[in-house]
Amino acid sequence: MKQLLHLIVHSLYTHPEIFLRELISNASDALNKVRFRMLTDKDVFEPDAELKIVIELDQDKQTFSIEDSGIGMSKDDLIDRIGSVASSGTLEFVQQLQQAKEKDLGDLIGRFGVGFYSVFMVTDEVTVETRSADKDSIGYRWKSSGEGTFTIEEIDKKTRGTKISFKLKDDFKHYSEEFAVKNIIKKYSNFVDFPIFIGTEKVNTVTALWQKPKDQQSEEELTEFYKFISNDFNPPLGHLYLNIEGVVNFKALIFIPETAPPQLFTREAFEKSLHLYSNKVFIQDDCKELLPEYLRFATGVVDTADLPLNVSREVTQNSPLMVKIRNVLTGKILGFLQDWAQNEPGKFEKFHKNFGPLFKTGLNADFANKDKIVELLRFESTKTAKGEFTSLKDYVSRMGDEQQEIYDVTGESREQLERNPNLEYFKKNHIEVLLFSDPVDIFMLSSLNEYDDKPLKSIEKADLDLKTQKDEKTEPLNEDLVKSLLSVFKETLGDRVEDVIESKRLVDSAATLVVGKDGLDPQMEKMMKMMNKDYSGAKKILEINTAHPLVKNLSRLNIADSTDPLLRNCIVQLYEGAALQEGNLNSPSEFVRRMTEIMTDATK
Ligand code: ADP
């Protein structure tokens, strides 16, 4: 806890006012919760209390307090939620904090729920006094200096809700000045749906931004609103406003963030989803039903008048209304991205870089929108520079008249892919090949069989329709020699391979492994092996380049003596070399031993 405290205090040093935003946001959450509970439960403590936030400042004593009439906390809440910082994720949080760049800190703090803790930036000791909305609740006082220990005592608190008070450290005494605090509230919290008072003066303007007509939503308001709901320090990359009337009715403000969370595929990355309101009344801030998983990066607000007011979470989870809203939202967001792709390439590129891997998973999940998703996919190819991308549409427009298929290859990185011998034919003939090096690509490929009536084809498959190449300089072996050599290869390799054939695709390399007609993509196979140690994979076809000097030499040895150990060793070595290049070599020590033997032979 000490370490955490130290980290938070020092990392957030450049944004000390964050504590205020966090406290107001917690108070606002607490008020939202009690308002929501009162929709269905009239039996709460103090049902008629005004829903508000009151801040008291004392410049002489250097003190600050914030009080809300929200849901309050029970003793257990105090211990579990306030007393232990994001208990389960604390360690992970500390690690991420240490790695994070400064601009990501706000993100992390919000995501891991150490919001309240930020108060220890500006004070050495905090007092929380609270009484929950349960009918027979009692009051508690919690005190802590943030280093892991705290005290709790029962108190006689007359009102519902929570009061948090503390004395400011000298460095931060300006937070007891009305002017300073007012400015921060204006900046961060103008969207809180409850009045905020400093003393008796109301300091925020309560407006639901999404209820205003589009032309009255200023860029600045939108940005501040985004920061408020997302805990992001940066402005959003863009936003989309919707006012839908018809089969469903709702208004929505949807934002696309400028940066991606550190781990795109974890649950925590997008803990909070869209905020759902029913006619301006807050329902919940993590309404996952409103967006398909692959669009989870979008944040914002959906406000619908179509929900019954006594909604519960169960209702929102199973409601056909949610499905309808999700369908409309999905279509609109995809359209919005398509618009970026056409008219704002800079923004689209950023979006793609940040969220592309997540977005791609939509192909496997959202069949109804598959065509739209496909148009938004971008890939590296042998005709793009590293880090640049092409759409499938552009790929197809570059296809030569003869080319009937879209070619692709999967691997771990661009560098590794470019060394793949199976690319040689394509490079030589200037045929573009898509380079798939994102782990998600393999799974995506299972849903991407064709585009524009042209099948996608792995260049590692054996049944490619390649024109035999005529090379002036190097004559391939004649048919009989090839036949005889192939049979020695087959005999030597036995059931290690499905077949050995003459290659049409190799230019510089002597041999390569390709996948048989029914085999899996090599990357996929590697994944399967990682998941299941016993999985051995399907056998491959070895292709040999009969124009290669080594292969010609082997043919010579073969004519002299087909049982020559050097010939046999070289055959196995060629095969294992090809396996190594794919990352599928099973026994490196055997490989090295054999190599040493061959070198000894060669240097005699
Ligand atoms: P987060 O708000 O991200 O959950 P915090 O550290 O800010 O993380 O708060 C932890 C928890 O403490 C909240 O989720 C809430 O349950 C409780 N809490 C904090 N402030 C209040 C408050 N003013 N009223 C009621 N509960 C609160």
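As a reminder, the structure under discussion sits directly above these lines.
Residues numbered from 1 in each chain as written. Predicted model: local features only at pLDDT ≥ 70, side-chain atom pairs only at ≥ 80, totals over all residues. Heavy atoms only, no water.

Student: Would you mind going over the sheet that holds strand S19 (residues 497-502) with me for this structure?
Tutor: Within the open sheet, the three strands sit side by side as S19-S21-S20. Their pairing is mixed. A strand with exactly one partner marks an edge of an open sheet, and here the two such strands are S19 and strand S20 (511-515). The average angle at which neighbouring strand axes cross in this sheet is 25 degrees, direction not considered. Note: S20 against strand S21 (residues 540-544), five bridges, orientation antiparallel. (Pairing = 2+ DSSP bridges. Helix = DSSP H or I, 4+ residues; strand = E, 2+ residues; numbered from the N terminus. Axes fitted to C-alpha atoms, helices over the stretch in contact; angles between N-to-C directions.)

Student: So what exactly am I meant to see when it comes to the environment of Ser 278 here?
Tutor: Tracing the backbone through its elements, the reader meets Ser 278 in strand S11 (residues 275-278). The sequence separation of Ser 278 and Asp 303 amounts to 25 residues, and the corresponding C-alpha distance is 5.4 Å.

Student: For this particular structure, what's the right way to read the packing of helix H17 (residues 479-493) against helix H20 (residues 565-582)?
Tutor: Two quantities define a packed helix pair, namely the angle between the axes and the distance from one axis to the other. Between H17 and H20, whose axes approach to 10 Å, the crossing angle comes to 75 degrees. When the axes of H17 and H20 are compared, the pair comes out roughly perpendicular. In contact with Val 488, Phe 489, Glu 491, Thr 492 and Leu 493 of H17, H20 contributes Leu 567, Arg 568, Ile 571, Val 572, Leu 574 and Tyr 575. Residues that form the contact of H17 with H20 fall into these classes: eight nonpolar, one polar and two charged. (Parallel < 35°, antiparallel > 145°, perpendicular 65-115°, else oblique. Contact = heavy atoms within 4.5 Å. Nonpolar A, V, L, I, M, F, W, Y, C, P; charged D, E, K, R; others polar.)

Student: Could you clarify how one ought to interpret the sheet that holds strand S3 (residues 123-131) in this entry?
Tutor: Within a sheet, each strand pairs with its neighbour through backbone hydrogen bonds, oriented either parallel or antiparallel. Pairing in this open sheet of eight strands is mixed, and the strands run S5-S4-S3-S6-S2-S1-S7-S8 from one edge to the other. Across the chains shown, the open sheet's two edge strands, defined by having one partner strand only, are strand S5 (150-155) and strand S8 (201-202). Examined bridge by bridge, strand S7 (residues 196-198) and S8 share two bridges and lie antiparallel to one another. Bridge assignment links Ile 198 to a residue of S8, and that residue is Glu 201. Across the sheet, helix H2 (residues 18-40) touches strand S1 (53-58), strand S2 (63-68), strand S6 (161-168) and S7, and the angle it forms with S2 is around 20 degrees.

Student: Could you clarify how one ought to interpret H2 in this entry?
Tutor: Quick reminder: α-helices carry 3.6 residues per turn. Residues three or four places apart thus point the same way. Between its first and last C-alpha atoms H2 spans 34 Å; for 23 residues at 1.5 Å apiece the expected length is 33 Å, and the two agree. When you tally the buried positions in H2, you get 17 out of 23 residues, the bulk of the element. (Expected span 1.5 Å × (residues − 1). Buried < 20%, exposed > 50% of the residue type's maximum accessible area, 1.4 Å probe, protein only.)

Student: In this structure, what is going on with unusual backbone geometry? I would like to understand it.
Tutor: Across residues other than glycine, the phi torsion is negative in most instances, and most of the peptide bonds are trans. Positive phi values are uncommon outside glycine, yet His 430 reaches one of about 55 degrees. Tracing the sequence through the fold places His 430 in the loop between helix H15 (424-428) and strand S16 (433-436). We classify His 430 as exposed; its relative accessible area is 63%. Even without glycine at this site, Asp 453 takes up a positive phi of about 65 degrees. Structurally, the position occupied by Asp 453 is in the loop between strand S17 (450-451) and strand S18 (454-458).

Student: Just checking my understanding: could you explain the side chain of Gln 416 for this structure?
Tutor: Mapped onto the secondary structure, Gln 416 falls in helix H14 (residues 414-418). Taking relative accessible area as the criterion, Gln 416 reaches 18% and is therefore assigned buried. Setting aside chain neighbours within four positions, we find Gln 416 in contact with Gly 411, Lys 526, Gln 581 and Glu 582.

Student: I'm lost on the environment of Leu 464 in this one. Help?
Tutor: When you line up the elements, Leu 464 lands in the loop between S18 and H17. On the basis of relative accessible area, Leu 464 is assigned to the buried category, the value being 9%. Taking C-alpha positions, Leu 464 is 9.7 Å from Tyr 407, a pair spaced 57 residues apart along the chain. If we skip the residues at most four places from it in the chain, Leu 464 touches Glu 405, Tyr 407, Phe 426, Lys 457, Ser 458, Ile 459 and Arg 505.

Student: Is there a simple way to think about the pattern of salt bridges in this case?
Tutor: For side chains of opposite charge, pairing can occur when their charged atoms come near one another. As enumerated under the stated definition, the model contains 31 salt bridges in all. The salt bridge partner of Glu 405 is Lys 457, with a shortest N-O separation of 3.9 Å. Of the two residues, Glu 405 sits in the loop between helix H13 (392-398) and strand S15 (406-410) while Lys 457 sits in strand S18, which places them 52 residues apart along the sequence. Judged by relative accessible area, which is 15%, Glu 405 ranks as buried. In this structure, the salt-bridge partner of Arg 593 is Glu 597, at a minimum N-O distance of 2.6 Å. Of this pair, Arg 593 and Glu 597 both sit in helix H21 (residues 588-602), four residues apart, which is roughly one turn of that helix. Of the residues examined, Arg 593 reaches a relative accessible area of 41% and is grouped as partly exposed. Several salt bridges converge on common partners, so that one network encompasses Glu 576, Glu 590, Arg 593, Arg 594 and Glu 597. (Salt bridge = Lys/Arg side-chain N within 4 Å of Asp/Glu carboxyl O.)

Student: Just to check I follow, could you spell out the side chain of Glu 129 for this structure?
Tutor: Relative to the assigned elements, Glu 129 resides in strand S3. Here Arg 141 takes part through its side chain, which lies 2.9 Å from a polar atom of the side chain of Glu 129. Ignoring sequence-local partners within four residues, the contact set of Glu 129 consists of Tyr 140, Arg 141, Ile 155, Lys 157, Gly 161, Thr 162 and Lys 163. (Polar contact = N/O pair within 3.5 Å; in protein donor to acceptor, adjacent residues only side chain to side chain.)

Student: When you look at H17 in this model, what are you seeing that I'm missing?
Tutor: Spanning 15 residues, H17 covers 21 Å between terminal C-alpha atoms, matching the ideal 21 Å at 1.5 Å per step. All buried positions along H17 are accounted for by Val 482, Leu 485, Leu 486, Val 488, Phe 489, Thr 492 and Leu 493. For H17, the angular spread of buried residues about the axis comes to 160 degrees, placing them on one side. Exposed positions of H17 whose direction lies more than 90 degrees from the buried face are Glu 479, Asp 480, Lys 483 and Glu 491. Phi for Gly 494, located one or two positions after H17, is positive at around 55 degrees. (Arc of directions from axis to C-beta.)

Student: Help me out: how do you make sense of the pairing of S20 in this one?
Tutor: Working note: regular strand, side chains alternate between the two faces of the sheet. Most of S20 sits inside the fold, with five of its five residues counted as buried. Residues Ala 511, Leu 513 and Val 515 line one face of S20 and the alternating positions Thr 512 and Val 514 line the opposite face, and both faces are buried.

Student: Would you mind showing me how to read the nonpolar core here?
Tutor: Generally speaking, nonpolar side chains in soluble globular proteins are found buried as a group. The biggest cluster of nonpolar side chains holds 68 residues, and the ones touching the most others in it are Leu 329, Phe 351 and Phe 359. Looking at this core, the element that brings in the most residues is helix H9 (residues 320-343), giving 10 residues. Leaving out residues up to four positions away in the same chain, Phe 351 has contacts with Leu 237, Ile 256, Phe 297, Leu 337, Trp 340, Gly 356 and Phe 359. Core analysis: the next-biggest nonpolar cluster, separate from the first, contains 61 residues, Leu 5, Met 38, Phe 116 and Phe 228 among them. (Core = buried A, V, L, I, M, F, W, Y, C linked by side-chain atoms within 4.5 Å.)

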